[in-house]
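# Coordinates in review
Each chain, letter by letter, is given below.
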Amino acid sequence: MKMSSFLFIAVPILLLLSCAKPTSESETKRWDSNQKTLSTLTAKYPNFRGALDIVQAEAAQQWEAALMVTEEEQKIAAMQTANTAAYPEFVRQLDGMENKLEALKSLCTKSTRNAVQTMDKESLRIARNNAQRTLSAMEYLLKNSTANTPVEATVLTNEASKKIKNANSNIQKVLKRISEKARAKKQQEKAKKDEQNAATKSKKPVKCSYCGVKNSPSASKCKGCGAPVK
Ligand SMILES: [Zn+2]
């Protein structure tokens with residue numbers, strides 16, 4: 001078995017196993033990482049501090065309560081609940097925002113090199129300009145809009161994610177159209193070449209394998225010896 005296919009099977013299984021059996025250790029690790037994420041995000045997006053503080057305080061309360069539970073299974077379940085509370089949807093989105101913005105930026109850069117035809121260049125330029133406008137608008141929104149509550153934060157992050165996704169798929173669509181056109185053109189050229197090759201081949205005289213006389217390619221019998229021409 002190839003290493004890549006081994007990993008392809010083994011990694012999901014390991015992930016599944018690690019998800020299926022939470023322990024108080026794994027939940028504590030998750031808690032620490034969630035706390036780190038919350039403080040990183042607060043430093044990166046101080047305008048979201050209000051919403052992040054509420055999430056942190058509510059989750060911390062649940063976490064403290066979970067630690068008081070004596071029965072192990074119940075304790076782990078309570079820890080999981082606290083961890084879920086510490087990483088709600090808007091935190092997840094905010095956490096992934098930088099990657100999404102970077103992906104869109106690199107798509108803009110990539111798309112400057114791909115267009116050949118003038119019409120494609122133009123539609124790509126429009127999609128790219130839209131994407132760049134979206135990028136700066138969303139960067140501005142994320143840095144300057146105040147989210148005092150999780151609800152406000154959810155509205156903001158949803159809007160930003162949606163617009164970034166749209167800009168991304170618009171460029172992808174144009175790029176796809178361009179590459180489909182390029183592929184079609186290549187196929188056309190190949191078909192033309194094949195046709196030309198076939199034409200030259202059919203004009204070539206056919207040498208008789210018995211007497212060596214050259215016959216026209218359309219001949220069925222040799223004009224020299226009368227043998228059938230292959
Ligand atoms: Zn012949």
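Given the structure is predicted, the values throughout are model-derived calculations rather than measurements.

For the rest of this paragraph, the subject is the nonpolar core. If you look at the biggest cluster of nonpolar residues, it comprises 39 residues, and the most contacted ones within it are Tyr45, Phe48, Leu52, Phe90, Met97, Leu142 and Ile171. Broken down by secondary-structure element, the contributors of at least two residues to this core are helix 2 (24-44), helix 3 (49-68), helix 4 (72-86), helix 5 (89-110), helix 6 (118-144) and helix 7 (150-203). Among the elements that make up this core, the one with the highest residue count is helix 7 (9 residues). Viewed by domain, this core spans two of them, domain 1 (21-87) and domain 2 (93-181), each represented by three or more residues. Among residues more than four places away in sequence, those in contact with Phe90 are Phe48, Ala51, Leu52, Val55, Pro150, Ala153, Thr154 and Thr157.

Coordination of the zinc ion by the protein involves Cys208 (SG), Cys211 (SG), Cys222 (SG) and Cys225 (SG), with metal-donor separations of 2.2 to 2.4 Å. With 4 donor atoms in place around the zinc ion and angles of 103 to 117 degrees between them, the coordination shape is tetrahedral. Positions of the donor residues of the zinc ion along the chain correspond to the pattern C-x2-C-x10-C-x2-C. With Cys208 in the loop between strand 1 (206-207) and strand 2 (214-215) and Cys225 in the segment after strand 2, this residue pair connects regions lying 17 residues apart in the sequence.

Next up on the list: the confidence of the model for the protein chain. Across the protein chain, the average pLDDT comes to 89, with 88% of residues at 70 or higher. Within the protein chain, the lowest mean pLDDT, 63, falls on helix 1 (residues 3-20), and the highest, 98, falls on helix 3.

A separate point is the packing of helix 2 against helix 3. Axis separation between helix 2 and helix 3 bottoms out at 10 Å; the angle between their running directions is 160 degrees. The angle between the axes of helix 2 and helix 3 places the two elements in the roughly antiparallel class. As helix 2 packs across helix 3, the resulting crossing turns out to be left-handed. Each of Glu27, Thr28, Trp31, Gln35, Leu38, Leu41 and Thr42 in helix 2 lies in contact with helix 3, whose residues at this interface are Arg49, Leu52, Val55, Gln56, Ala59, Ala60 and Trp63. A class-by-class count of the residues in the contact of helix 2 with helix 3 yields 8 nonpolar, 4 polar and 2 charged.

Right, let's talk about the pattern of salt bridges for a bit. Tallied over the entire structure, the rule returns 9 salt bridges. Glu27 is paired through a salt bridge with Arg30; the nearest N and O atoms lie 2.9 Å apart. Of this pair, Glu27 and Arg30 both sit in helix 2, 3 residues apart, which is roughly one turn of that helix. Residue classification places Arg30 among the partly exposed positions, given a relative accessible area of 33%. The partner of Lys190 in a salt bridge is Asp194, and the shortest N-O contact between them spans 3.2 Å. Taken as a pair, Lys190 and Asp194 lie in helix 7 at a separation of 4 residues, close to a single helical turn. On the basis of relative accessible area, Asp194 is assigned to the partly exposed category, the value being 40%.

What follows is about the packing of helix 2 against helix 5. Two quantities define a packed helix pair, namely the angle between the helix axes and the distance between the axes. The N-to-C vectors of helix 2 and helix 5 enclose an angle of 65 degrees; their axes lie 11 Å apart at closest approach. In this structure, helix 2 crosses over helix 5, and the sense of that crossing is left-handed. Of the residues in helix 5, those in contact with Thr37, Leu38, Leu41 and Lys44 of helix 2 are Val91, Leu94, Asp95 and Glu98. Here the contact of helix 2 with helix 5 is built from residues that sort into 4 nonpolar, 1 polar and 3 charged.

In the structure shown here, the tally under the stated rule is 2 aromatic pairs. Ring centres of Trp31 and Trp63 lie 4.6 Å apart, and the angle between their planes is 0 degrees; on these two criteria the pair is classed as stacked. With Trp31 in helix 2 and Trp63 in helix 3, this pair connects stretches of sequence that are 32 residues apart. By relative accessible area, which is 8% here, Trp31 ends up buried. For Trp63, a relative accessible area of 6% corresponds to the buried category. Centre to centre, the rings of Tyr45 and Phe48 are 6.0 Å apart; their planes meet at 70 degrees, and the pair counts as edge-to-face. The residues Tyr45 and Phe48 share a single accessibility class, namely buried.

So, how was this worked out
- In this numbering scheme, every chain counts its residues from 1 along its sequence in written order.
- Totals for whole chains, interfaces and linings use every residue, but because this is a predicted model, local features are given only for residues with pLDDT of at least 70 and side-chain atom pairs only at 80 or more, for both listing and counting.
- Water and hydrogen atoms were dropped before computing side-chain values, which therefore reflect all heavy atoms in the structure.
- The set of buried Ala, Val, Leu, Ile, Met, Phe, Trp, Tyr and Cys residues whose side-chain atoms join them within 4.5 Å is what this entry labels a nonpolar core.
- Whether a residue is buried, partly exposed or exposed follows from its accessible area with a 1.4 Å probe, protein chains only, as a fraction of its type maximum: under 20%, in between, or over 50%, in that order.
- Every helix listed is a DSSP run of H or I at least four residues long, and every strand listed is a run of E at least two residues long, numbered separately from the N terminus.
- An automatic or database domain assignment provides the domain bounds reported here.
- When checking whether two residues touch, look at their non-hydrogen atoms; a contact exists if any pair is within 4.5 Å.
- Only nitrogen, oxygen and sulfur atoms within 2.8 Å of the metal, or 3.2 Å for Na, K and Ca, are treated as donors, and water is left out, so sites may look incomplete.
- A four-donor site is classed as tetrahedral when every donor-metal-donor angle falls between 85 and 135 degrees; four donors are called square planar, and six octahedral, when trans pairs exceed 155 degrees and all remaining angles lie between 65 and 115, with any other arrangement labelled irregular.
- Residue-level confidence of the predictor is what pLDDT reports, using numbers from 0 through 100.
- The angle between two axes is taken between their N-to-C directions and runs from 0 to 180 degrees, where each axis is a line fitted to C-alpha atoms and a helix contributes only its stretch in contact.
- Any angle that falls under 35 degrees is termed roughly parallel, while one over 145 is termed roughly antiparallel, one within 65 to 115 roughly perpendicular, and all others oblique.
- Crossings are sorted by hand: turned counterclockwise from the far helix by less than a right angle, the near helix makes the crossing left-handed, and turned clockwise it makes it right-handed.
- Under the scheme applied here, ten amino acids are nonpolar (Ala, Val, Leu, Ile, Met, Phe, Trp, Tyr, Cys and Pro), four are charged (Asp, Glu, Lys and Arg), and all others, including Gly, are polar.
- Salt bridge, as used here, is a side-chain nitrogen of Lys or Arg placed within 4 Å of a carboxyl oxygen of Asp or Glu.
- Note on ring pairs: Phe, Tyr and Trp rings are taken, using the six-membered ring of Trp, and paired if centres are within 6.5 Å. Classes follow the plane angle, with under 30 degrees stacked, over 60 edge-to-face and the rest tilted.

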